[in-house]
Amino acid sequence: MFDRHEYEVLEAEAFLKGAQQEREKNDADNAARDTKRAEFFRSKGVSEAIIAEGFALK
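Bear in mind that the values here come from a model prediction, so they are computed numbers and not experimental data.

1. Some thoughts on the overall build of the protein
And step 1. Counting secondary structure elements, the protein contains two helices and zero strands.
And step 2. What you see for the protein is a C-alpha radius of gyration of 20 Å, clearly larger than the 10 Å of a compact globule of 58 residues, by over 25%.
And step 3. Its C-alpha atoms give the protein principal-axis dimensions of roughly 65 × 15 × 10 Å.
And step 4. Residues counted as buried form 5% of the 58 residues belonging to the protein.
And step 5. Here the protein has roughly 5300 Å² of accessible surface; of this, 59% comes from carbon and sulfur atoms.

2. What about the pattern of salt bridges?
And step 1. Applying the stated criterion to the full structure yields four salt bridges.
And step 2. Across the pair D34 and R33 runs a salt bridge, and its minimum N-O distance is 3.5 Å.
And step 3. Residue classification places D34 among the buried residues on the basis of a relative accessible area of 13%.
And step 4. Look at R33 and you get partly exposed, because its relative accessible area is 35%.
And step 5. A salt bridge links E48 to R42, with the shortest nitrogen-to-oxygen separation between them at 2.5 Å.
And step 6. The exposure class assigned to R42 is partly exposed, which follows from its relative accessible area of 42%.

3. Overview of the environment of R33
And step 1. Here R33 lies in helix α1 (residues 4-43).
And step 2. Considering only alpha carbons, one finds R33 and A56, 23 residues apart in sequence, at a separation of 14 Å.

4. Section: the environment of G45
And step 1. By secondary structure assignment, the location of G45 is in the loop between α1 and α2 (48-55).
And step 2. With 41 residues separating them along the chain, G45 and R4 place their C-alpha atoms 61 Å apart.

5. A short note on α1
Three or four residues apart is the spacing at which side chains of an α-helix point the same way, because the helix has 3.6 residues per turn.
And step 1. Taking 1.5 Å of rise per residue, 40 residues should cover 58 Å, and α1 covers 59 Å from first to last C-alpha, within 8% of that figure.
And step 2. Sitting at the head of α1, D3 places a side-chain oxygen 3.2 Å from the backbone nitrogen of H5.

What counts, and where the lines are drawn
Residues numbered from 1 in each chain as written. Predicted model: local features only at pLDDT ≥ 70, side-chain atom pairs only at ≥ 80, totals over all residues. Heavy atoms only, no water. Helix = DSSP H or I, 4+ residues; strand = E, 2+ residues; numbered from the N terminus. Rg over C-alpha atoms; globule rule 2.2 N^0.38 Å. Buried < 20%, exposed > 50% of the residue type's maximum accessible area, 1.4 Å probe, protein only. Areas by Shrake-Rupley, 256 points an atom, 1.4 Å probe, with all protein chains shown as cover. Salt bridge = Lys/Arg side-chain N within 4 Å of Asp/Glu carboxyl O. Expected span 1.5 Å × (residues − 1). Polar contact = N/O pair within 3.5 Å; in protein donor to acceptor, adjacent residues only side chain to side chain.

See below:
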């Protein structure tokens, strides 16, 4: 049987693993969104220097 402390450790590990997975998913979503935005700006004739500068402002 697990005592209370072991259970809390397992619960914390599960939470941290879920949080890490969520961050990775958000990073992938943000990268896809940024790529799409950059493509749009390129189609409108915005220079690469301005696009790079704009995305570096985060």
